[in-house]
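So the chains spell out like this:
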Amino acid sequence: MKTFVMMFCVAIVVALGTEGSAKSPSDLSLHADCIYCGMHRDRFAHSRMVLHYKDGTSVGVCSIFCAARDYVKHVNEAPVLVEVGDYGTKQLTDAQEAWWVIGGSKTGVMTNRPKWAFQSRRDAQEFIATYGGRLTDFDEAMKASYEDIYEDMRALKEMQREYARSKLAASSAAN
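The shown structure was predicted, so the numbers you read here are calculated from the model rather than taken from an experiment.

(A) Main features of the overall build of the chain. Secondary structure assignment for the chain yields five helices and seven strands. For the chain, the residues scored as buried account for 34% of the 175 residues in total. Restricting the contact set of the chain to residue pairs at least 6 apart, pairs at least 24 apart contribute 58%. A total of about 11000 Å² of accessible surface is found on the chain, and carbon and sulfur atoms cover 57% of it.

(B) View of the packing of aromatic side chains. Applying the stated criterion across every chain, the model contains seven aromatic pairs. Measuring from centroid to centroid gives 5.7 Å for W100 and F138, while their planes differ by 45°, and the two rings are tilted. Of this pair, W100 sits in strand 5 (residues 99-102) while F138 sits in helix 5 (residues 138-174), and the two are 38 residues apart along the sequence. Per residue, the accessibility class of W100 equals that of F138, and both read buried. Geometrically, the ring pair formed by F118 and F127 is tilted, given 5.2 Å between the ring centres and 50° between the ring planes. Using a relative accessible area of 3% as the deciding quantity, one classes F118 as buried.

(C) Local environment of the side chain of K115. Mapped onto the secondary structure, K115 falls in strand 6 (residues 115-118). There is a polar contact of 3.1 Å between the side chain of K115 and the side chain of T111. A polar contact is formed between the side chain of K115 and the backbone oxygen of R113, at a distance of 2.5 Å. When residues no more than four places from it in sequence are discounted, the contact partners of K115 are I64, W100, V101, I102, A141, A144, S145 and D148.

(D) How the structure looks around the sheet that holds strand 6. On the basis of which strands lie adjacent, the open sheet formed by three strands has the order 6-5-7 and antiparallel pairing. Each having just a single partner strand, strand 6 and strand 7 (134-136) make up the two edges of the open sheet. Averaged over all neighbouring strand pairs, the angle between strand axes comes to 30°, with direction disregarded. Two elements, strand 5 and strand 7, share three bridges in a ladder whose sense is antiparallel. Considered in strand 7, the bridge of I102 is made with R134.

The rules behind each value
- Residues numbered from 1 in each chain as written.
- Predicted model: local features only at pLDDT ≥ 70, side-chain atom pairs only at ≥ 80, totals over all residues.
- Heavy atoms only, no water.
- Helix = DSSP H or I, 4+ residues; strand = E, 2+ residues; numbered from the N terminus.
- Buried < 20%, exposed > 50% of the residue type's maximum accessible area, 1.4 Å probe, protein only.
- Contact = heavy atoms within 4.5 Å.
- Areas by Shrake-Rupley, 256 points an atom, 1.4 Å probe, with all protein chains shown as cover.
- Phe/Tyr/Trp six-rings, centres within 6.5 Å; stacked < 30°, edge-to-face > 60°.
- Polar contact = N/O pair within 3.5 Å; in protein donor to acceptor, adjacent residues only side chain to side chain.
- Pairing = 2+ DSSP bridges.
- Axes fitted to C-alpha atoms, helices over the stretch in contact; angles between N-to-C directions.

Pasting the structure below:
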């Protein structure tokens, strides 16, 4: 009986301790979908970003492409912190501190010229050895996003048109 009571007490302490130290909601539960394109951010945890603003608000996006769109929308109020998902671990890290890879053969998210972030330089260099690309920093990756935005938007619109055509064709074939 003493063993049962002791185990019960330990279970209560563990349960209370767990509840007391519960983490705040993750960025994926706060921002399930990209605010700009609607993509499910959990599927793109390796490229997702969170932009934190001075007023305490945050914006969750799927990629640096959509982050660039947010920068343009909030041109007069730069974020105080930008976090990005590490390509390999999918853990958020400070975008300014991350090692970025631009280019390479690995298809990017929402862009023709991929841009990936890594917490460690070694991981970024291993990625480059496998897929190509070049090592850079956040500022250059963001600049590349702005340079690419017109062509990426054009390609996105074309993909949307093709998708609409294929749905129309499937609907016509079903009737």
